[in-house]
Amino acid sequence: MRTFLMVIQLITSIVLIASVLLQSGKGSGMSEAFGGNSNQMAASRGRGTDAILAKVTSVCATLFIVVAIALVAIQ
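Residue numbers run consecutively from 1 along every chain, following the written order of its sequence. Only residues with pLDDT of at least 70 get local features here, since the model is predicted, and only at 80 or more are side-chain atom pairs given and counted; chain-wide, interface and lining totals rely on the full set of residues. Think of the side-chain values as coming from all heavy atoms in the structure, minus any hydrogens and water.

I'm lost on the overall build of the protein in this one. Help?
Helical segments are the DSSP runs of H or I of at least four residues, strand segments are the runs of E of at least two, and each set is numbered from the N terminus. Looking only at helices and strands, the protein has four helices and zero strands in total. Scanning the protein from its N terminus toward the C terminus, one meets helices and strands in the order α-α-α-α. The buried share among the 75 residues of the protein stands at 17%. Two residues qualify as a contact provided that any one of their heavy atoms is within 4.5 Å of a heavy atom in the partner residue. At a minimum sequence separation of 6, the contacts of the protein that also span at least 24 residues come to 80%. Method for areas: the Shrake-Rupley scheme with a 1.4 Å probe, in which residue coverage is limited to the protein chains shown. Accessible surface, the protein as shown: approximately 5600 Å² in total, 69% of it carbon and sulfur. Throughout, exposure labels follow a simple rule: accessible area from a 1.4 Å probe, protein chains only, divided by the maximum for the residue type, with under 20% read as buried, over 50% as exposed, and the rest as partly exposed.

Here it is, written out as structure tokens:
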């Protein structure tokens, strides 16, 4: 059970990091670090994508916290 929760924690943390980095920020963000113009990338990405990434981020953050508490409770 503990190993399963640790794997879920690892997957959740990777998805959480990726979803935060993919969200478009107010200024120049990670898109400029990869060589793209932030205005061009923001124009090509619809508002739907940002809404989906926001939901994925909140779900992963909640799952991350729940699994962390469960791992502490098991110890």
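Looking at this model, I keep getting lost on the packing of helix 1 (residues 2-22) against helix 4 (residues 47-74). Mind explaining?
A pair of packed helices is characterised by two quantities: the angle between their axes and the separation of those axes. Between the N-to-C directions of two axes lies an angle of 0 to 180 degrees, each axis being a line fitted to C-alpha atoms and, for a helix, fitted only over the stretch in contact. Direction vectors running N to C along helix 1 and helix 4 enclose 150 degrees, while the axes themselves pass 9 Å from each other. Between helix 1 and helix 4, the crossing angle belongs to the class labelled roughly antiparallel. Handedness of the helix 1/helix 4 crossing: left-handed. On the side of helix 1, the interface is formed by Arg-2, Leu-5, Met-6, Ile-8, Gln-9, Thr-12, Ser-13, Val-15, Leu-16, Ser-19, Val-20 and Leu-22, while helix 4 contributes Leu-53, Val-56, Thr-57, Cys-60, Ala-61, Leu-63, Phe-64, Val-67, Ala-68, Ala-70, Leu-71 and Ile-74. Here roughly perpendicular refers to angles of 65 to 115 degrees, roughly parallel to angles under 35, roughly antiparallel to angles over 145, and oblique to all remaining angles. Crossing handedness: left-handed means the near helix sits turned counterclockwise from the far one by under a right angle, and right-handed means the same turn made clockwise.

Help me understand helix 4, please; the structure alone is not making it clear to me.
Side chains of residues three or four places apart in an α-helix project in the same direction, reflecting 3.6 residues per turn. The span expected for a helix works out to 1.5 Å for each residue beyond the first. Given a rise of 1.5 Å per residue, 28 residues ought to cover 40 Å, and the 41 Å separating the end C-alpha atoms of helix 4 matches this to within 8%. Residues of helix 4 that are buried: Leu-53, Thr-57, Cys-60, Val-67 and Leu-71. The inward-facing, buried residues of helix 4 abut helix 1.

Is there a simple way to think about the side chain of Thr-12 in this case?
Mapping Thr-12 onto the fold places it in helix 1. For Thr-12, a relative accessible area of 4% translates into the label buried. Polar contacts, as counted here, are pairs of nitrogen or oxygen atoms within 3.5 Å of one another; within protein the pair requires one atom able to donate a hydrogen and one able to accept it, and residues that are adjacent in sequence qualify only if both atoms are side-chain atoms. A polar side-chain atom of Thr-12 sits 2.6 Å from the main-chain carbonyl oxygen of Ile-8. Setting aside residues no more than four positions away along its own chain, Thr-12 makes contact with Cys-60, Leu-63 and Phe-64.

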